[in-house]
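Remarks on the overall topology
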Amino acid sequence: MSDKQGVLGVFTYLDETLNAVKKLRDAGFKNLRVFSPFPNHEIEEVMDEPESIVRFFTLGGAMLGAACGVGFTVLMSSDWPISVSAKPIVSLPPFMVIIFELTILMGALATLLGLLINSRLRRNVPTTMYDTRFSEDKFGVMITCEKENVKDAEEILTSQGAEDIKFDGV
Amino acid sequence: MSKDKKGGLKRRDFLKIIGVASGTAAVASSCSPPVEQIIPYVIPPEGIIPGVPNYYASTCRECPAGCGIIVKNREGRAIKIEGNPESPINSGSSCAMGQAALQGLYNPDRVRSPLSNINAEKLQPLGWAEAEKALTEKIEELRGSGKTGNIVFLSNNITGSLGNLVDQWMGALGGKHIQYETYAHEPLKEANKISFGIEKIPTYHIEKTDYLLSFGADFVETWLSPVEYTKQFSQMHGVKDKSVGRFVHVEPRASLTASNADEWISVKPGTEAILALGIANEIVKSGNSPNGGGGLRGLLSQYPTDKVSEMTDVPQEVISQIAKEFSSRKPSLAIGGGVSVTGTNATETLVAINILNYVAGNIGETVDFGDTLSISTADSFQDITSLVSSMENGDIDILFVYDVNPVFTLPKQLNFKEALGKVPFVVSFSSFMDETTELANLILPNNTTIESWGDYSPRESVHALIQPVMSPVFNTKSTGDVILSVSGQVQELNGKFTQTTFYDYLQDSWKQIWAGASGAGDFDTFWKQSLEKGGYYKDLPSKTVSVSPAVASLKFSEAEFTGEGEFYFIAYPSYKYYDGKGANKPWLQELPEAITTGVWSSWVEVHPDTAKKLGVEFGDFLSLESPQGVIETQVYVYQGIRPDTLSVMIGQGHTSYGRYAKDRGVNPIDMLPLATDAKSGGFAWLSTKVSAAKINKSEQFVQTQYTTTQHDRDIAQAISLTELEKGVHHEEHHEPDFYPPREYDRYRWGMAIDLQKCVGCGSCVTACYAENNIAFVGKEMVAKRRDMAWIRIERYFEESNNNAGFQTRFLPMMCQQCGNAPCEPVCPVFATYHNPEGLNGMVYNRCVGTRYCANNCTYKVRKFNWFTYKWPEPLDWQLNPDVTVRSKGVMEKCTFCVQRINHAKDLAKDEGRDVSDGEFKVACEQACPAEAIVFGNLEDKESEVSKQSHDDRGYNVLAAINTQPGITYLKKVTQDKA
Amino acid sequence: MSEQNTLTYARVNDDIIRMLDKPTFKWWALFLPTLLFVGFGLFCFIYQVYTGLGVAGYRHPVFWGVYITDFVFWVGIAHSGTLISAILFLFRANFRMSIYRIAEGMTVFAVLTAGLFPIIHLGRPWNFYWLFPYPNQRELWVNFKSPLLWDVFAVSTYLTVSSVFFFIGLIPDIAAVRDRVKEVPRKILYSVLSLGWKGSNWEWLHYTRAYLFFAAFATPLVLSVHSVVSWDFAMSNLPGWHTTIFAPYFVAGAIFSGLGMVITLTVPIRKIFHLEDYITLDNYDGMAKLIMLTSGIVGYAYGIEFFMAWYSGSPAEWGQFYYRAVGEYALFYWIMVVCNVVIPLPLWFKSVRRNIKALFIISIFINIGMWFERFNIIVISLSRGFDPAAWGIYTPSWVEIGITVGSFAWFFMFFLIFLKTLPAVSIAEMKEILPVPKKEAKTS
């Protein structure tokens, strides 16, 4: 889509960054993206994204883990039924430990998976519209818009005190 | 081609030798030279089915008792020795020494071929032909020079055919045959001559007695016939409908035998005679003597209790107590003549004991002169001393030494070694390079008992046969055959012997026995039966004897002691090494000595007070000095010995005799003076006093149990006689269980062990080593508690209100085969599990060696293979093919001899039935002379083991842990002071 | 927090990324010896496998010794890492920010070390994989009833989860390093590791959630793992092992020893890399308070063990604990008590809690004390079981000592590499606790 263009504003101050975001949104700009060196609640509030779905990955993984735990212990014990110390072949109390550990293990791994998938962490280097200062001390606001709107966006960013503005033909 | 032929021949020869039991046809021609390589077969010879053992009856010659044995042969190798149930002597049981005979057979330090130093500095190997030629030449040379009577054949007490052969041979050569027994028990003979006019050693019937009074007769260890008398003792002392016999042992130290007594009376050394007479006097005085003391009242009245008590250090009440019981609890029996208490007055002591028996009316009841021991025919110590002197005077030109080691067993003061140097030509028939043999000029190694033909008559009623169970391991030759072939070569002896092999000679001499045997059928059947039964046994009528009045005028004295030291010195014979003979067998070295649990070394027993006085502690070294010598050995502090007495075990301290015996421990015989018993002239073992001094040396006392008390754990439990009579209820443990109890269908293998019967002799331990390929690990490893024994005899000294103040308890501890085994659930890989028959299975291949099972074992009976242990060739020939040899990194433990169980089950299956009770025995049960161990099926309510498991005395060790053991112990019975 | 005001985002990056500069001579001087000792440990192990376990000091009835002691010790060390990063995260305890990265690194490396010992101590280590339920044609499976198998699962789970947790925390920081470094190889390395992290609000959104869940999982995990380790003993019937307080007792002990190790590690690092502004006295104060707490719990356990043994009326139980206090091993027992209960007492004074030197010394003693605690529990209990006839004394051999030293070297080897390759303090989270830059704040 050659009629789209990206604009990136680099800020020093958080409040300016957030104002810029608000302004842009009032001006009717969609799909904004904010960059920051650390997680911040104000950003989250302003951006007001839907709740992360990583938690469902976690839940699913944990349940799968528990299931595996039960499966492993019960099936394997029954497959090679050896009597020890007058205990039943399938005796759940000792199996609970295994079940518990597998629940944790798979839950954790699923969470990792959820994180990678949802935050699209599958590249080797940051794609365009990134500034290395974001990992240090700068905030950034990125807008992707129609070519004709680029000017307005740029104005809003500068008006909000963006120190630096980058363009990029998407 | 020719090779094959050769191999074929050898296989056939082998067959001839071992096929004996199946008939005489093959035997008649079994004169071919012994072969060394036996297995593997290319084609198994007929009669040998690989995997199926053959059993051969033979006779044990480890000690003079002459127990019958059954030797198990697998693919041509003897792998296990068990007692022969047919034998009237040991009727099925065996001792540790007997079990270990296999390690004599397969000993890596055996003399592997004839050796001689005739034309060489050192002993050089040579062929049999040469060797016999050399001997022949010597004999002819000697006879050429016109000297006769300068040949002496020095052997142990060999009765039967070989004895006769040697006698004849020596007769023909004009030489002498001297039979030397280290423990010849001459005082016994002499005493019986004096008191009854019979110069013989009788047989005793301990099992018939209700009260046994022993004056130092260590019948559990070495006295006359240990296995037999231990068995009789356990019958007499075991529980019979709520009553038990009473056993009182009088000795200056609490020997293993004393440890099994209800009362140990610590008597002043050498005063046993006085005590015996004192007791007799009490009996007569109190009018309890059926014969009123006969003509002995006068004599006895010289021994009033107070005087006796003073002389013997035995309290008066104890004397009268014994007197009362001895005369009231009939039949009673007093025995004596233990080697360790044989002093200069030994004969008098034994006469006194005879008197005691007489006044109590026991003669003829429990003492049997109808059947006397053949050890009676051994030559006296006098003959030995005169032999030595004539050796010193150079009057001996050829000395044959057979199965004795006088350099080691005779006191140094006799200078046998030096005298031996004066003998120009010494021939040893020993199969081991012992102290005497290494000084020989010509060594003609004899076959061991297991490899050779022979017979032995331990007593008048028994003619026991010895037959080869396998062909010789090394290039050795039966001495009988050597004598015959040499005789064939010596000019004048030609035609002296018709037989060319000792086997023929043996059969011929058995023709006479056959003739004597009534209704034995033709000789071949008689011979075959005898071979199968292990010999020919006859019943002899008991002979009634009467005390000769001469004893009335006899003078009784205390024993005399030489030496300035303050301590009486006891050198006691060992039930592990006998007179040192056993010291080259690792099983015996590693068998914990019952009292100290010490292994692989020597020690001196010291009373705690004495130890304090000498400033020594457990593990320190003492230097003991007598006029004859000095020994330095480790201290074992033991309350079971008089403060004025020190004792050291005989058997260690070899300077040669193979890697396992050499330079290990000390030989107390070196300390003994050349003292003899005044009347019999027999050697007096207890005749010196020594001084003891601490030396600046101390090391770990290597033993297998470092505690002497139970720390309130109630492991080895006891019940008082009164309780037993009242009858207590067998506490069954029904604690609430998280899981339902385990069900068994046909079998639940279990065991019952009677602590009242167990004497702690350890023959079960050695039997277990032999059956289950248990590795011996050596002193250094045992010091690290890494012994591999599957059975340990736990030994505890318990507080008691008896005279000694303590009571010794023995408890054989092995895997309890728990129903709720703690070891099983903790194994991550199921290497140990519970099998449907109640066995606690151990899968070596699956084991990864986490060792959690051992940590969680309540009884700590699991042993771990820290290394891969090796058996030096050919000791590994003995390994049982039915049992896995374990390698490093796996756990092992008692399996209840699962290989035997499975064998019995296979048989039963083939015959479509269940295994019946007592059909087979596990190794420890089989060996136990006291019959303390019973194994069987607990599901079968009629089986002996089920019955015993529900006995009033039955209990499980550490039952509170609720492991549901498969082994039930029966409490020892303590007899309170009456 | 006065000193923190001087911190700026930029300086955080500078300071922390500077730690990753080319290794100095000092670093090599530390690193090479560790390699040497690791090598010696390896030699000892090979010698042991070749000759047999007998080269260790083991003997009947002490079938476990220094190896299992080391195992429990290292697992224990591992715990405070997760405690600091996960539990304190859930409690929003800010003093964790500066040290949790080091603690997590410590966790991962400690588990890596601990994991070796169950294999080293096996009689047949070449069969260690038999402990895993892998499909095989003979259909042999493992015994899920065995505490040792619980261990296998617990420890491997713990290793996996803590490593993942460690890595997740690192992603934004690696990105920061990526944006900083110039040399191509390092650039590539960090680019790959950072998974192309950009720090967009979208990434942060999921990142924070995921991190929260990880923390939520790691917390019960850390508690369960050391409970399971304690059950290796508590599930047996051995006097001195068979007790219900082991799980809490072990967990507390683990946290106790872990915090000790964190202090032992951070104090020199703080000094060498001048991180005084990051790892502050308040941080140490917080840890010291936790040490006081856990030390108290451990001390209570020591006491109650004796009481229960006496109260049980079982001669075996009481015999065991009486023996601990007065028997052949009494010295070790009292070393343990002094190091773990007496020496931490001064921490009740704020001045001591804020005195780095004092903390360092105390932490060293805690490490020693906790090693001996495990040794005592394992060896003394085993040497005196139920049956007096089977009692025995164990002394470690040079092989065991060699392998133990090797394990410390192994741990420090990883740790030194970590210091030079990954940001030892969390850059992103340090920034979280700095005041957010606002224009108003400056102008007004």
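Summarised in this report is the structure supplied together with it. For every chain, the first residue of its written sequence is number 1, and the numbers climb from 1 along that sequence. As they are written, the chains are lettered A onward and the ligands numbered 1 onward, keeping that order. Local features in this predicted model are restricted to residues of pLDDT 70 or higher, and side-chain atom pairs are both shown and tallied only at a pLDDT of 80 or more, whereas totals for entire chains, interfaces and linings draw on every residue. In computing side-chain values, all of the structure's heavy atoms are included and hydrogens and water are not.

Below, the discussion takes up the pairing of strand β21 (residues 603-606) of chain B. Residue and element names in this part refer to chain B. Remark: exposure states derive from per-residue accessible area (1.4 Å probe, protein chains only) relative to the maximum for the residue type, with buried under 20%, exposed over 50%, and partly exposed in between. Numbering of helices and strands runs from the N terminus; a helix is a DSSP stretch of H or I covering at least four residues, while a strand is a stretch of E covering at least two. Here β21 shows two buried faces, one formed by W603 and E605 and the other by V604 and V606. Sheet topology places β21 next to strand β23 (residues 629-637); four bridges connect them, and they run parallel. For E605, the partnering residue across the bridge sits in β23 and is Y636. Note on pairing: two strands pair once DSSP finds at least 2 bridges between them. Pairing of β21 with strand β24 (residues 645-649), which is carried by two bridges, proceeds in the antiparallel orientation. Following the sheet pairing, V604 is matched in β24 by V648.

It is worth spelling out helix α12 (residues 330-342) of chain C at this point. Buried within α12 of chain C are the following residues: A330, Y333, M336, V337, C339 and N340 of chain C. The contact definition used throughout considers only heavy atoms, calling two residues in contact when any of these lie within 4.5 Å. Each element contacted by the buried residues of α12 of chain C is listed here: α9 (246-272), α10 (281-312), α11 (315-326) and α14 (356-383) of chain C.

This brings us to the packing of aromatic side chains. Each Phe, Tyr or Trp ring, with Trp reduced to its six-membered ring, pairs with another whose centre is within 6.5 Å; inter-plane angles below 30 degrees give stacked pairs, above 60 give edge-to-face pairs, and intermediate values give tilted ones. A full pass over the atoms with the stated rule returns 119 aromatic pairs over all chains. An angle of 85 degrees between the planes, with centres 4.9 Å apart, marks the rings of F683 of chain B and W685 of chain B as edge-to-face. The pair F683 of chain B / W685 of chain B is uniform in exposure class, with both members buried. Their ring planes at 55 degrees and their centres at 5.6 Å tell us that F415 of chain C and F418 of chain C sit as a pair that is tilted. One end of the pair is F415 of chain C and the other is F418 of chain C, both in helix α15 (residues 398-421) and three residues apart, which spans about a single turn.

Residues and elements named next belong to chain C. Between its first and last C-alpha atoms helix α4 (residues 66-90) spans 36 Å; for 25 residues at 1.5 Å apiece the expected length is 36 Å, and the two agree. Take the seven residues that end at a residue and the seven that start at it, fit an axis to each, and the angle between those axes is the bend at that residue. Remark: the principal bend of α4, roughly 40 degrees, maps to L83. Burial analysis of α4 places 24 of its 25 residues in the buried class, which makes it a mostly covered element. In the stretch just after α4, R92 is the one whose phi turns positive, near 55 degrees. Helix span, expected: 1.5 Å multiplied by one less than the number of residues in the helix.

A word on the interface of chain A and chain C. Taken together, the 73 residues of chain A in the interface contact 60 residues of chain C. Simply put, the buried area is the total loss of 1.4 Å probe accessible area from both parts when two parts are fitted together. Summing both sides of the interface, chain A and chain C together bury roughly 6,000 Å²; the carbon and sulfur share of this comes to 68%. Just to be clear on terms, a salt bridge is a Lys or Arg side-chain nitrogen sitting within 4 Å of an Asp or Glu carboxyl oxygen. In this structure, R209 of chain C and E51 of chain A form a salt bridge, with 2.8 Å as the shortest nitrogen-oxygen distance. Here a polar contact is recorded for every N or O atom pair within 3.5 Å, except that within protein the pair must consist of a potential hydrogen donor and a potential acceptor, and residues adjacent in sequence are included only if both atoms are side-chain atoms. Counting across the chain A and chain C interface gives 19 residue pairs in polar contact (both at pLDDT 80 or more). Counting only elements with at least two residues in the side of chain A that touches chain C, the list comes to α1 (14-26), β2 (32-35), α2 (41-47), α3 (54-79) and α4 (92-118) of chain A. Tallying contributions element by element places α4 of chain A first for the side of chain A that touches chain C, with 17 residues. Here the side of chain A that touches chain C is composed, by residue class, of 40 nonpolar, 17 polar and 16 charged. Residue type decides the class: Asp, Glu, Lys and Arg count as charged, Ala, Val, Leu, Ile, Met, Phe, Trp, Tyr, Cys and Pro as nonpolar, and the leftover types, Gly among them, as polar.

Counted under the stated rule, the structure contains 57 salt bridges over all chains. Of the charged contacts in the structure, one is a salt bridge between K412 of chain B and D670 of chain B, with a shortest N-O distance of 3.1 Å. Linking K412 of chain B in the loop between α16 (406-409) and α17 (416-421) with D670 of chain B in the loop between β24 and β25 (689-698), this pair joins segments that are 258 residues apart in sequence. Overall, K412 of chain B belongs to the partly exposed group, its relative accessible area being 37%. When its relative accessible area of 22% is taken as the criterion, D670 of chain B is described as partly exposed. Where D754 of chain B meets R953 of chain B, a salt bridge forms, and the shortest distance between an N and an O atom there is 2.9 Å. Separated by 199 residues along the polypeptide, D754 of chain B in strand β27 (residues 749-754) and R953 of chain B in the loop between α30 (944-949) and β35 (954-955) bring together distant segments of the chain. Of the two residues examined, D754 of chain B and R953 of chain B, each falls in the buried class. One salt-bridge network, in which partners are shared between bridges, spans D131, R133, D164 and K166 of chain A.

Such coordinate-based values are descriptive only and should not be taken to indicate function.
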